[in-house]
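# Per-entry structural report
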Amino acid sequence: MDLYICEKPAQGKDLAGVLGVRQYNDGYITGGDIAVTWGFGHLYEQLMPEDYDPRYEGYESWSDLSLLPFVPSSWGYKMKEKTAKQTKTVLGLIQKASTVYISTDFDREGEAIGRILLAQANYKGPIKRVCLTALDNQSIKKALANVKDGSETLPLFHAALARSRADFLVGMNLTRLYTALARSIGFREILNIGRVLTATVNLVCERERAIASFQPTPFWTIQAQVNTTKGSFKASWKPPQTHADANGRCNQGDFARGAAQACNGAAAQIVRSEQKPESETAPLLFDLTSLQQYANKRWGYTADEVLAIGQALYEKHKLLTYPRSDSRYLPQDQQGDVPDVLSAMVKTDPSIAGLVQLVDPERKCRVFNDSKVTSHHGIIPTFQAGSIDSLNEQERNIYDIVRRYYLAQFLPAHEYLRSEITVQCGPHLFLATGNVTTSPGWKSAFGSDIDIDPPDEEVADEQEGTGSAALPAVVTGDACILAKTELGEKVTRPLPYFTEAALLGAMENIARFETNEQLRKVLNEKSGIGTPATRAGMIEGAVVRKFFVRKKRAIRATDKAHALMAILPPAIKQPSMTALWEQDLDRIEDGTIPVAAFEAKITNWVCSMVNQLKAAAPVLSQADGPMAKAFEAAMPQKHECVFGCGGQMMRFKGSNGMFWGCQNAECKKTCSDSRGKPQKPLASDEDAPDCPTCGGPTKLRKGKPKDGKRAQNFWGCCDYPNCKGILPFVKPKPGAKGKLRIFNS
């Protein structure tokens, strides 16, 4: 039997339809000598420390530094409980298979899903790889016609193994260590530390520290209205180097004021006038990161939202190719597919037909480049015809911009005439630039109301005087008048807070944030932390773990994040280390370095780091030591214990919301939160009467509103629903006891 293992049910059903397999069973589809089954993502998960050793169980183990470092002697997996039924179905089918076709998403994690299942089933037969990049019928047929041998994609699995083990070793050891240190100074929250998470948090914290310490400096600008016999235009003053900073800004106010006064209304001359025809090729296709950046800048979508929208357009609507791509190019052999893709686009949305007629499907363009294609190619529309009306607003926005970027590849270059004019007034120079479109070319794919490249919020202190307006046809030597000069007094600004788009860009190209010159040379221009498929989840994870908060479009670090980054050594938090590890993972994927060598390097690094920090623990965790000072602002709120023990209560966030817990070891009672203050329970367990029906203990419960009346509290048997004995609760008056009335049911 040939067995095809897919990543998700929808993927399995699409593949089965193309294979002609239509006999539906519980968890798989069969037909003839073929079976198609699926997972729900990963069906197995890594064992946790407590699975290897019971000493790591429970709350108290997180405070025991003697248990660290922890390195498994051998790595293991356990079946996920929620999907155990499907896992057993897949394992049973593997036992019957003569050949297995791994048909999961064609990436590291997709490969790992299939390989782990085969290892758990102890499968020894032939392995093939179906490289799915889109789920429309034509794309699936192409993938089935180009099946790879399993040995060709085995390095993908090795890279996934190396990544997961590195994350485990770093995360489990350092998270437990710093959580234990934090508890020693009274901070009770988990301090999650991760190979990529911590580096990402540090990027944001460093930016905020730079903003807080930034000292603005003044500078001056002059804008001049230039009048000539052939027309008027605006030009910007270019101060001489002797009166300017390193960025060409005038930093001497008196000089700028004198220049503005001297030039106002003065005669001047055109000393340079150039017009030069230039052209601009279409932007490359989207990969996931660039699509997330575009959508965040234009519509404010989060990276996680864009990934979810892309997955829906890929899996549900089948209108886009695989979204988790890190390439912006296409294989050369896809040039012949262009007419079919264009046809599907028109059937999906007839309103695009006029634009499609302008493109040349045979146009040679830079996007077709085999050497730039990785496991996946750029995100493009598929051969599948759908209905544009079936898409919601977000899906329509993403689909629309992806198809326009695709169409732009097959349109001519955008051509324009670039003009530059230099005006001299005495010793002072003024510059004006302008562009005039001569042929719209690929920009016809976007129209005037669509941002081709939304503004980059990373750019600060932009200089004035450049623009896209047409300039008059003056020539060198023409006389002119500076009819009006406007002096502007400004101050330098720090880089802005990270937006999600800017943070994604920083994670993708980390070398520009490395201050060590020698290390920057080692990092290549595309060194990044995380992958396109994981960066969105990493940012979202930082929000969930209370390291980040979103303020409008900005990503801001919390007090908890700043406190943790303040006490972490550079080796743990600097992104360059993570980027170098990511390069090693790429080399494992290429088959150039073995998993064992990478794992040994990470293990040695983690063990060395843990032992150094354990030795420093007594100093770090002193009452007035570095930890206490760093976490002073991050400490939860405190309140005198409402139970009267004399201890301090602290406010925490639990699975059901905020609550308060007493820190007195002899009390340790908890209560709910009410508007930021502890709310003493109406009654404690000691006040609970015995159940009138079975004689067992009761618990204070809250009923449901009825007939417009407020919900009432009552005592209910702890053995409910086996016993339904109840007693009414009467809130006692101060100094008096409430009366109890008994109801049996």
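Treat the numbers as computed from the prediction; the structure is a model and nothing was measured.

Another point: the overall build of the chain. When its secondary structure is counted, the chain shows 21 helices and 25 strands. Across its three principal axes, the chain shows a C-alpha extent of roughly 105 × 75 × 65 Å. The buried share of the chain, taken over its 745 residues, is 47%. For the chain, restricting intrachain contacts to residue pairs at least 6 apart in sequence, the fraction spanning at least 24 positions comes to 72%. Accessible area for the chain stands at about 36,300 Å²; split by element, carbon and sulfur atoms hold 49% of it.

To continue, consider the pattern of salt bridges. One pass over the full model with this rule turns up 39 salt bridges. R165 is the partner of E599 in a salt bridge, and the nearest nitrogen-oxygen pair spans 3.0 Å. Taken together, the residues span a long stretch of sequence, with E599 in helix α20 (residues 595–620) and R165 in helix α6 (residues 150–183) at a distance of 434 residues. Across the salt bridge formed by D349 and R403, the nearest N and O atoms sit 2.9 Å from each other. Here D349 is found in the loop between α11 (338–348) and α12 (353–356), whereas its partner R403 is found in helix α13 (residues 393–408), with 54 residues between them in sequence. A residue is classified by how much of its surface remains accessible, and D349, at 8% relative accessible area, is buried.

Take the packing of aromatic side chains next. Going through the model one piece at a time under the given rule, you end up with 20 aromatic pairs. Considering the side-chain rings of W75 and F168, the 5.3 Å spacing of their centres and the 80° angle between planes classify their relative orientation as edge-to-face. Placement of W75 in the loop between α2 (49–52) and β6 (77–79) and of F168 in helix α6 is noted, with a sequence separation of 93 residues between them. Of the residues examined, F168 reaches a relative accessible area of 3% and is grouped as buried. With a centroid separation of 5.7 Å and an interplanar angle of 70°, the aromatic rings of Y294 and W299 are classed as edge-to-face. For Y294, a relative accessible area of 3% corresponds to the buried category. Overall, W299 belongs to the partly exposed group, its relative accessible area being 23%. Connected via pairs of aromatic rings, a cluster forms that spans F286, Y294, W299, Y301, Y405, W442 and F446. Positioned over the ring face of F547 is K560, at 5.0 Å from the centre of the ring.

Right, let's talk about the packing of helix α1 (residues 9–19) against helix α5 (residues 137–145) for a bit. Two elements in contact, α1 and α5, have axes whose closest approach is 10 Å; the angle formed by their N-to-C orientations is 75°. Accordingly, the angle class assigned to the pair α1 and α5 is roughly perpendicular. In this structure, α1 contributes D14, L15, V18 and L19 to the contact, and α5 contributes N137, I140, K141 and L144. Its residues assigned to classes, the contact of α1 with α5 comprises five nonpolar, one polar and two charged.

The seven strands are arranged β2-β3-β4-β1-β7-β8-β9 in an open sheet whose pairing can be described as mixed. Each having just a single partner strand, β2 (23–25) and β9 (148–149) make up the two edges of the open sheet. One ladder, built from two bridges, connects strand β8 (residues 127–129) with β9; its direction is antiparallel. The residue bridging R129 from the neighbouring strand is K148, located in β9.

The rules we used
Counting restarts for each chain: residues are numbered from 1 in the order of the written sequence. Side-chain atom pairs in this predicted model are given and counted only at pLDDT of 80 or more, local residue features only at pLDDT of at least 70, and totals for whole chains, interfaces and linings cover all residues. To obtain the side-chain values, all non-hydrogen atoms of the structure were included, while hydrogens and water were left out. Helix and strand assignments follow DSSP, with helices taken as H or I runs no shorter than four residues and strands as E runs no shorter than two, numbered in order from the N terminus. With a 1.4 Å probe rolled over the protein chains alone, any residue whose accessible area is under 20% of its type maximum counts as buried; one over 50% counts as exposed, and the rest are partly exposed. Only heavy atoms enter the contact rule, under which two residues are in contact if any of them lie within 4.5 Å. Accessible surface area values rest on a Shrake-Rupley calculation with a 1.4 Å probe, where residue burial reflects the displayed protein chains alone. Think of a salt bridge as a Lys or Arg side-chain nitrogen and an Asp or Glu carboxyl oxygen that are within 4 Å of each other. Stacked, tilted and edge-to-face are the three classes applied to pairs of Phe, Tyr and Trp rings, where Trp contributes its six-membered ring and a pair requires centres within 6.5 Å; stacked means planes under 30 degrees apart, edge-to-face means over 60, and tilted covers the rest. Charge over a ring is defined by NZ of Lys or CZ of Arg lying within 6 Å of the ring centre and within 35 degrees of the ring normal. Every axis corresponds to a line fitted to the C-alpha atoms, with the helix fit spanning only the stretch in contact, and the corresponding angles, defined between N-to-C directions, vary from 0 to 180 degrees. Throughout this description, any angle smaller than 35 degrees is read as roughly parallel, any larger than 145 degrees as roughly antiparallel, any in the 65 to 115 degree range as roughly perpendicular, and the remainder as oblique. By the convention adopted, Pro, Cys, Tyr, Trp, Phe, Met, Ile, Leu, Val and Ala count as nonpolar, Lys, Arg, Asp and Glu as charged, and the other residues, Gly among them, as polar. A pair of strands is considered paired only if DSSP assigns at least 2 bridges between the two.

Everything listed is a geometric property; what it means functionally is a separate question.
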